[in-house]
Amino acid sequence: MRILSRLSRLPALPVQALLLGGAVLAMGALSSWQLQRHLSEQLMQQALSAEQLQVQADVAQFNEALSEAERSVVRLSALMADITTTGPQARQAAARFDQLVRRDADGAWRSRVETFRPGQSAGLWLPASAARTEASRAFFAQAQTTVSLFGLGVSSGILENTWVLPLSGGELIFWPAKPTFIRDASADLDYRSTDWVQLTAPAVNPAGTPRWTRPTYDPAAREWLLSVVAPFRQSGQWAGSVGHDLLLRDLLRWLIRLDQQTDRLTARALYVVSADGHLLVQGASTAREGARLPASHRRVLAPPPGQAEVFSLELGADHLLVARLPRLNAIAVYKVDGSAIQALVGRELRALHLGVALFMGLLLLLGLLLVSREISFRRREQRSLEQRNRDLELQVQARTQELAAANQELSQLAAQDALTGVGNRRSFEQALAQAWANRRRRQEPIALVMVDVDHFKQYNDSFGHPAGDDCLRQVAALLQAGLHRPEDRVFRYGGEEFVLLLTTTDVNGAVHCSEQLRRAVEARALPHPHGVVTISLGVASTIPDRRSSDGEAMQLLARADGALYRAKEEGRNRLVAV
Ligand code: GH3
Ligand code: MG
Ligand code: MG
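The model shown is predicted, which means the values in this text are computed figures rather than measured ones.

Novice: Give a description of the packing of helix α11 (residues 465-482) against helix α12 (residues 507-524) that names residues and reports values.
Specialist: In the contact formed by α11 and α12, the axes pass within 10 Å of each other and the chain directions differ by 140 degrees. Between α11 and α12, the angle is such that the two are oblique. Crossing geometry of α11 relative to α12 is assigned as right-handed. Seen from α11, the contacting residues are Q474, L478, L479 and G482; seen from α12, they are L517, A520, V521 and R524. By residue class, the composition of the contact of α11 with α12 is five nonpolar, two polar and one charged.

This is the structure in structure tokens:
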């Protein structure tokens, strides 16, 4: 029973597993949602930072290009300082000059355009007013030879031209990297009034270090130009200036990649704007160059305090990335498209979702595996408990049977006479009462025979008590053997007296049976001081009266006892019936 109650206390496993699984899934979904939100913010920040870093790298490259131009112009300045204007070298240079220039009908010297080849040849252009002397021609020619080596110092992609402006003759000499510049230049244009020419004045730049002009719009080139200028000396005297003109558009498009398809995911260059709000170079923006900055973007002109070279400003859902370009006194503006960032983050999150789904699936599979293992374990345990229960029931059954047998044996022993093995006096009284009631109901005869061993005292006296016991056992066995009906029984009434209960037997039957028993004992011829062991018997029989009580059975016994008494009186070894 204890085992059964233990079984019934086991929880319903599938329900438990379902609850657990549900809880795990709910927790997973919740944490995945939170994780997603957190990651989404992180990823957006990261994307923006990555764009910022990229712009920073661009600005660093841009600055490096400017430094390259500065180094180059310093070298040019040094070369010009070494030039001599006399001797055979100067004459050769003058001859070369004649090949390169011609005097046109309007009196101006112009370059022979057809001889120019970018990166190799140089050309020169002189205003009509320029003085011509042998010395200056030789000087210009030699300068050209020298400078033709020089132009390689700056990337040809951004170098528009290189020039020398000597103080001596006031002539301007160009070595254009791009011949179209010379072609398009007007003969009457006086460059000496421009920003960059003014920078060549000794008073403006006494130290002779490279100086940058502001971005300047050149109507001849129809481009924004940027010039780096350095003075040079000859024989210790201030002799003039040298410079590089760079096309801002090329410089910026090459470095900041305006208008180009880049591998960037989100940031697009919009334009470069001067400090006073004029668009210098235009990228993806549709605004016209030279126009004013769009009103919504004005904030880029007032950068937040701090040293950051690149910073970001929110513009609705988008961001503007702003890079300072101090040497230009300008800034480059990029736009980071909010929807592009969202798309990027979405892609990353889809990958995350897949990962989370796989993880949850794995978790579920593991859970199912554990539950199924648990179920099979519990089934095995239940089967073993049932087996133990059956074993115990069998044991209880066996014990019960053993107990019943023992009880039966005990009750048999309780009803038996210990010496002779026949029924004892107590069982006789029970059997008599039962038989009496039965015969009374059926109105059938019942007989009692009292049996007593003759002169048994003398037997004991002669052969001893143990022999007497043995004799009693033999007599009892003879009496038992002499009764043939199963319902007829022998009891030891006491001492050496026995009583026979013969149911359904009238007096004649009882007498017949008693006589046979007497003879059987006599015939057994157990030795006795008087001869052989004999018995005397008193027989009584009756049909119980219907109204009689059980106590009247004792009267029948008394009658049999009386008959026995008479048999003793009449000489023993005989029977008397009443
Ligand atoms: P009678 O012929 O008149 O019966 O003479 P008796 O000697 O048999 O009668 P009595 O009643 O004087 O003696 C009975 C004797 O039976 C006395 C007793 O010692 C003996 N006796 C009674 N029970 C036992 C017993 O269990 N074992 C033995 N060995 N002797 C017993
Ligand atoms: Mg006696
Ligand atoms: Mg006797």
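From this point, things continue past the structure.
Novice: Talk me through the coordination of the magnesium ion (ligand 3); I want residue IDs and the actual numbers.
Specialist: Surrounding the magnesium ion (ligand 3) are the protein donor atoms D452 (OD), V453 (O) and E496 (OE), which sit 2.1 to 2.3 Å from the metal. Sequence positions of the residues that donate to the magnesium ion (ligand 3) give the spacing D-V-x42-E. Between the magnesium ion (ligand 3) and the magnesium ion (ligand 2), the interatomic distance is 3.5 Å, and D452 donates to each metal, bridging them. Linking D452 in strand β14 (residues 446-453) with E496 in the loop between β15 (489-494) and β16 (497-503), this pair joins segments that are 44 residues apart in sequence. In this structure E496 comes out as buried when scored by relative accessible area, which is 18%.

Novice: Tell me what's going on with the pairing of β16, and back it up with residues and numbers.
Specialist: Looking down a regular strand, the side chains alternate between one sheet face and the other. Summarising burial for β16: six of the seven residues are buried, a large majority. Examined bridge by bridge, β14 and β16 share seven bridges and lie antiparallel to one another. Looking at β16, one finds that D452 is bridged to E497. Relative to β16, β15 runs antiparallel, the two sharing five bridges.

Novice: Describe the side chain of N63, and please don't skip the residues or the numbers.
Specialist: Mapping N63 onto the fold places it in helix α2 (residues 13-82). Taking the relative accessible area as the measure of exposure, N63 reaches 17% and is therefore buried.

Novice: If you had to explain the packing of helix α10 (residues 456-463) against α11 to someone new, which residues and values would you point to?
Specialist: Running from N to C, α10 and α11 cross one another at 130 degrees; their axes reach a closest spacing of 7 Å. One finds that α10 runs oblique with respect to α11. Every residue of α11 that contacts α10 at F456, Y459, N460 and F463 is listed here: H465, A467, G468, C471 and L472. For the contact of α10 with α11, the class distribution of residues is six nonpolar, three polar and no charged.

Novice: Please give an account of the sheet that holds strand β20 (residues 575-577) that cites residues and values.
Specialist: Read from one edge to the other, the open sheet built from five strands follows the order β15-β16-β14-β19-β20, with strand pairing classed as mixed. In this open sheet, the two strands that pair with only one neighbour each are β15 and β20. Strand-to-strand twist in this sheet, taken as the mean axis angle between neighbours without regard to direction, amounts to 20 degrees. Here β14 runs beside strand β19 (residues 535-542); their pairing, made up of eight bridges, is antiparallel.

Novice: Explain the site of ligand 1 to me, using residue names and the numbers behind them.
Specialist: Neighbouring residues of ligand 1: 16 residues in total, closest H455, F456, N460, R492 and R572. In this structure, a nitrogen atom belonging to ligand 1 sits 3.3 Å away from a main-chain N or O atom of H465. Between an oxygen atom of ligand 1 and a side-chain N or O atom of E496, the distance comes to 3.2 Å. For ligand 1, whose unbound accessible area comes to 650 Å², protein coverage reaches 67%. Sorting the residues of the shell around ligand 1 by element identifies β14, α10 and α11 as the ones contributing at least two each. Per-element tally for the shell around ligand 1: the top contributor is α11, with four residues. For the shell around ligand 1, the class distribution of residues is three nonpolar, five polar and eight charged.

Novice: Kindly report on a positive patch on the surface, identifying the contributing residues and their values.
Specialist: On the surface, R373, R379, R380 and R383 cluster together into a patch of positive charge. Among the secondary structure elements, R373 is positioned in helix α8 (residues 338-415).

Novice: Break down helix α13 (residues 552-569) for me, with residues and values.
Specialist: Between its first and last C-alpha, α13 extends 26 Å over 18 residues, near the 26 Å set by a 1.5 Å rise per residue. Every buried residue of α13 is accounted for by A553, L556, L557, A560, A563, L564, A567 and K568. All buried residues of α13 lie within an arc of 145 degrees about the axis, which places them on one face of the element. Of the exposed residues in α13, the ones pointing more than 90 degrees away from its buried face are Q555, Y565 and E569. Buried positions along α13 lie against α9 (425-442), β14, β15, β16, β19 and β20. Just downstream of α13, G571 is the residue with a positive phi angle, here 120 degrees.

Novice: Please set out the coordination of the magnesium ion (ligand 2) residue by residue, giving values where relevant.
Specialist: For the magnesium ion (ligand 2), every protein donor is listed as D452 (OD) and E496 (OE), and the spread of their distances is 2.3 to 2.6 Å. Judged by relative accessible area, which is 7%, D452 ranks as buried.

Novice: Kindly report on the pattern of salt bridges, identifying the contributing residues and their values.
Specialist: Enumeration over the complete set of coordinates arrives at 16 salt bridges. A salt bridge links K457 to D461; the nearest nitrogen and oxygen atoms lie 3.4 Å apart. In this pair, K457 and D461 both sit in helix α10, four residues apart, roughly one turn of the helix. For the pair K457 and D461, one class covers both residues: exposed.

The rules behind these values
- Residues numbered from 1 in each chain as written.
- Chains lettered and ligands numbered in written order.
- Predicted model: local features only at pLDDT ≥ 70, side-chain atom pairs only at ≥ 80, totals over all residues.
- Heavy atoms only, no water.
- Axes fitted to C-alpha atoms, helices over the stretch in contact; angles between N-to-C directions.
- Helix = DSSP H or I, 4+ residues; strand = E, 2+ residues; numbered from the N terminus.
- Parallel < 35°, antiparallel > 145°, perpendicular 65-115°, else oblique.
- Left-handed = near helix turned anticlockwise from the far one by under 90°.
- Contact = heavy atoms within 4.5 Å.
- Nonpolar A, V, L, I, M, F, W, Y, C, P; charged D, E, K, R; others polar.
- Donors = N, O, S within 2.8 Å, 3.2 Å for Na, K, Ca; no water.
- Buried < 20%, exposed > 50% of the residue type's maximum accessible area, 1.4 Å probe, protein only.
- Pairing = 2+ DSSP bridges.
- Near = heavy atom within 4 Å.
- Polar contact = N/O pair within 3.5 Å; in protein donor to acceptor, adjacent residues only side chain to side chain.
- Areas by Shrake-Rupley, 256 points an atom, 1.4 Å probe, with all protein chains shown as cover.
- Patch = residues over 30% accessible without salt bridge, like charges linked within 9 Å, V, L, I, M, F, W, Y side chains within 5 Å.
- Salt bridge = Lys/Arg side-chain N within 4 Å of Asp/Glu carboxyl O.
- Lys, Arg positive; Asp, Glu negative; His and termini not counted.
- Charge placed at Lys NZ, Arg CZ, Asp CG, Glu CD.
- Expected span 1.5 Å × (residues − 1).
- Arc of directions from axis to C-beta.

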